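Architecture and fold: a report
In case you want the letters, here they are:
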Amino acid sequence: MPEFIPPNFNPVDYAVPGFILLIIIEMLWARRRAPEKYEPRDTLTSLALGTGSTIAGALTGGFIFALLIWAHQHRLFDIGWSWWAWTLCFMLDDLAYYWFHRMAHRVRWFWASHVNHHSSQHYNLSTALRQTWTGFIAASFIFRLPLALIGFPTAMILICGAFNLIYQFWFHTEAIDRMPRWFEAVMNTPSHHRVHHATNPVYLDRNYAGVFIIWDKIFGTFQPELGNERIRYGIVKQIGSFNLLWSVFHEWIGIAQDVRAAPWRHKFAYMWREPGWSHDGSRDTSDTIRARWAERQSVSSPD
Amino acid sequence: MSEALIAQLLQLGGSIMAILALWLLAIKLGLGGDVRIRDDDHARQLAEDALHGFTAEELVIDRAGMGALLRDAAGRVMLVRRHGGQFAARLLDSHSFARLDRNFLTIANGEKHFGAFTLDLGDNAQVWASSLRRLGG
């Protein structure tokens, strides 16, 4: 590892004071403009989820680091620490994040880990810190393995991932409307990510990007924010509780209950199919909700 | 105890202090507001938000605007109740429980963490309590 990187360097540690300062500034903005944008108990839950996530990360980080080291030993190329390697690694890590994030919404096993980032009905900077405790159980680290197999150094992958996470903090806000057009065209922004957190049928399962919104445009999941659509945040079936442990584990418990109750040939599907899927079709998925919405739209405006 | 572990524990302690400070600041600033169901249209909108395509034919709103019960043409009944600065809703089914106490109707849907909710429905309480009993089949 090059000398300019301190041992155990984690950029997120240095960013945390900035996160707190920005949350305070946004709270002061909310007091003047829209007090309902924050809810103290919701904020407490979000921040506790963030802290718990760092503990979970500390407990499991060693295994993930070792796994990346192992993968790097079987690398295809010897990629050093040159500037272009950093740039390429950051871009590819963001691409890996896009696919991780898409799977986190389309496969219930991954969703069970990711859902607590979405279970707040508010959208503010504290929501950004609502991170998972169970990412290790969901095995979401597998999406970074290809980078190590290509040959990017392990520390480079982890540092790029940390900067990716830091970038994603600032756009969890309603205080910023739109960024300049050139920026909105390339980068993920508050407007694009509000769409991602919305439960409106037109917005469901859209804008998975981390840093660069171009991935959604390339892979057909981009949806711009519409001026006439009032956004509703949260999840399709709102959790209706501020209980911290329920927020962390409710979808895992739901999977366990469904797997136990399902006929044998459907048990596995309750883990790998999309959230809301059921073998008897009695529940809504984002696809069925969107289809129902589209049908109603076509009836109300046949042109 | 190693220095690294002590540093991590100090970091954790600092995080917990910061969390509590931000929570207290949010309370001190009066954030969260006091959301209530304003009228029938608002209740209908909340139900439609909770379940796309749910069109209420009948409804009753808690006298303080803290919640509402709505029924659609298919006979489905939805409970909408305040949750912090927002609202959350559930369709009621045969697992739901309703208890009438004069003007107050307490409803639980069987989900422990969603909790029981008491609505002050005035003279409508008895009528809705009777109709909810029919959900049990």
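Quick look at the structure, then.

Criteria and cut-off values
- Residues numbered from 1 in each chain as written.
- Chains lettered and ligands numbered in written order.
- Predicted model: local features only at pLDDT ≥ 70, side-chain atom pairs only at ≥ 80, totals over all residues.
- Helix = DSSP H or I, 4+ residues; strand = E, 2+ residues; numbered from the N terminus.
- Rg over C-alpha atoms; globule rule 2.2 N^0.38 Å.
- Buried ≥ 20, exposed ≤ 12 C-beta atoms within 10 Å, placed from the backbone.
- Contact = placed C-beta atoms within 7 Å.
- Pairing = 2+ DSSP bridges.
- Axes fitted to C-alpha atoms, helices over the stretch in contact; angles between N-to-C directions.
- Nonpolar A, V, L, I, M, F, W, Y, C, P; charged D, E, K, R; others polar.
- Expected span 1.5 Å × (residues − 1).
- Bend = angle between axes of the 7 residues up to and from the residue.

Concerning the overall build of chain A
Secondary structure summary: chain A contains 14 helices and 0 strands in total. Of the regular secondary structure in chain A, the N- to C-terminal order runs α-α-α-α-α-α-α-α-α-α-α-α-α-α. In summary, chain A has a C-alpha radius of gyration of 20 Å against a globular reference of 19 Å for 303 residues, a match within 12%. Overall, chain A is about 60 × 55 × 40 Å in size when its C-alpha atoms are taken along their principal axes. With 303 residues in all, chain A has 39% of them scored as buried. Looking at chain A alone, contacts between residues at least 24 apart form 72% of all its contacts between residues at least 6 apart.

Let's talk about the overall build of chain B
Of the regular secondary structure elements, chain B holds 3 helices and 7 strands. Ordered by position from the N terminus, the helices and strands of chain B form the series α-α-β-β-β-β-β-β-β-α. Compactness check: chain B gives a C-alpha radius of gyration of 20 Å against a globular reference of 14 Å for 137 residues, more than 25% above the reference. Its C-alpha atoms give chain B principal-axis dimensions of about 65 × 35 × 30 Å.

Some points on the sheet that holds strand E7 (residues 117-120) of chain B
Residue and element names in this part refer to chain B. Ordered by their spatial adjacency, 3 strands build an open sheet running E5-E6-E7, and the pairing between neighbours is antiparallel. Of all strands in the sheet, those with a lone pairing partner are strand E5 (97-101) and E7, marking the two edges. Taking the axes of each pair of neighbouring strands and ignoring which way they run, one obtains an average angle of 20° across the sheet. When strand E6 (residues 104-108) meets E7, the two strands line up antiparallel, connected through 4 bridges. By the bridge assignment for E7, phenylalanine 104 is matched with aspartate 120.

Examining the interface of chain B and chain A
With 27 residues of chain B at the contact, the number on the chain A side is 33 residues. Counting residues per element, the ones that place at least two in the side of chain B that touches chain A are helix H1 (3-28) and strand E4 (86-92) of chain B. By residue number, the principal contributor to the side of chain B that touches chain A is H1 of chain B, which donates 11 residues. The class makeup of the residues in the side of chain B that touches chain A is 14 nonpolar, 12 polar and 1 charged.

Looking at unusual backbone geometry
Its identity is not glycine, yet alanine 139 of chain A carries a phi of approximately 65°, on the positive side. Along the chain, alanine 139 of chain A falls in the loop between helix H6 (135-138) and helix H7 (145-150). One non-glycine residue with positive phi stands out, namely arginine 102 of chain B, at about 55°. Looking at the secondary structure, you find arginine 102 of chain B in the loop between E5 and E6.

Here's the deal with helix H2 (residues 40-73) of chain A
Given a rise of 1.5 Å per residue, 34 residues ought to cover 50 Å, and the 47 Å separating the end C-alpha atoms of H2 of chain A matches this to within 8%. Helix geometry: H2 of chain A is bent most strongly at threonine 60 of chain A, by close to 50°.

With respect to the environment of alanine 34 of chain A
As for its position among the elements, alanine 34 of chain A is in the loop between helix H1 (11-33) and H2. Each C-alpha atom, one on alanine 34 of chain A and one on alanine 175 of chain A, is 9.7 Å from the other, the two residues being 141 residues apart in sequence.

With respect to helix H10 (residues 190-197) of chain A
Residues that lie three or four places apart on an α-helix share one face, since the helix turns once every 3.6 residues. Among the 8 residues in H10 of chain A, 6 count as buried, and that is most of the element. Listed in full, the buried residues belonging to H10 of chain A are His192, His193, Arg194, Val195, His196 and His197 of chain A.

Digging into the sheet that holds strand E3 (residues 77-83) of chain B
Neighbouring strands of a sheet are bound in pairs by backbone hydrogen bonds; such pairs are parallel or else antiparallel. Residue and element names in this part refer to chain B. With antiparallel pairing, the 4 strands of this open sheet are ordered in space as E1-E2-E3-E4. A strand with exactly one partner marks an edge of an open sheet, and here the two such strands are strand E1 (56-61) and E4. On average, adjacent strands in this sheet sit at an angle of 20° to one another, irrespective of strand direction. Where E1 lies against strand E2 (residues 67-72), 5 bridges are found, and the strand directions are antiparallel. Note on E2: the bridge partner recorded for leucine 59 is leucine 70.

Re the pairing of E2 of chain B
Residues and elements named next belong to chain B. Of all 6 residues in E2, 5 are buried, a share of seventy percent or more. Linkage of E1 to E2, two consecutive antiparallel strands, is achieved through a turn of 5 residues, within which glycine 65 is found at a positive phi near 75°. Bridge count between E2 and E3: 5 bridges; the pairing is antiparallel. Residue pairing across strands places glycine 67 opposite arginine 81, the latter belonging to E3. In sequence, E2 turns back onto E3 through a hairpin of 4 residues, with glycine 75 there showing a positive phi of about 90°.

Here's the deal with the pairing of E5 of chain B
All names here are of chain B. One ladder, built from 5 bridges, connects E5 with E6; its direction is antiparallel. Each residue of the ladder has a partner; that of phenylalanine 97, found in E6, is alanine 108. Counting the residues in the hairpin turn of E5 and E6 gives 2 residues, including arginine 102, whose phi is positive at 55°.

A word on the environment of alanine 85 of chain A
Residue and element names in this part refer to chain A. Looking at where alanine 85 falls in the secondary structure, it is placed in helix H3 (residues 83-106). According to the C-beta neighbour criterion, alanine 85 is partly exposed, with 16 such atoms within 10 Å. Taking the C-alpha atoms as reference points, alanine 85 and valine 195, 110 residues apart in sequence, are found 32 Å from one another.

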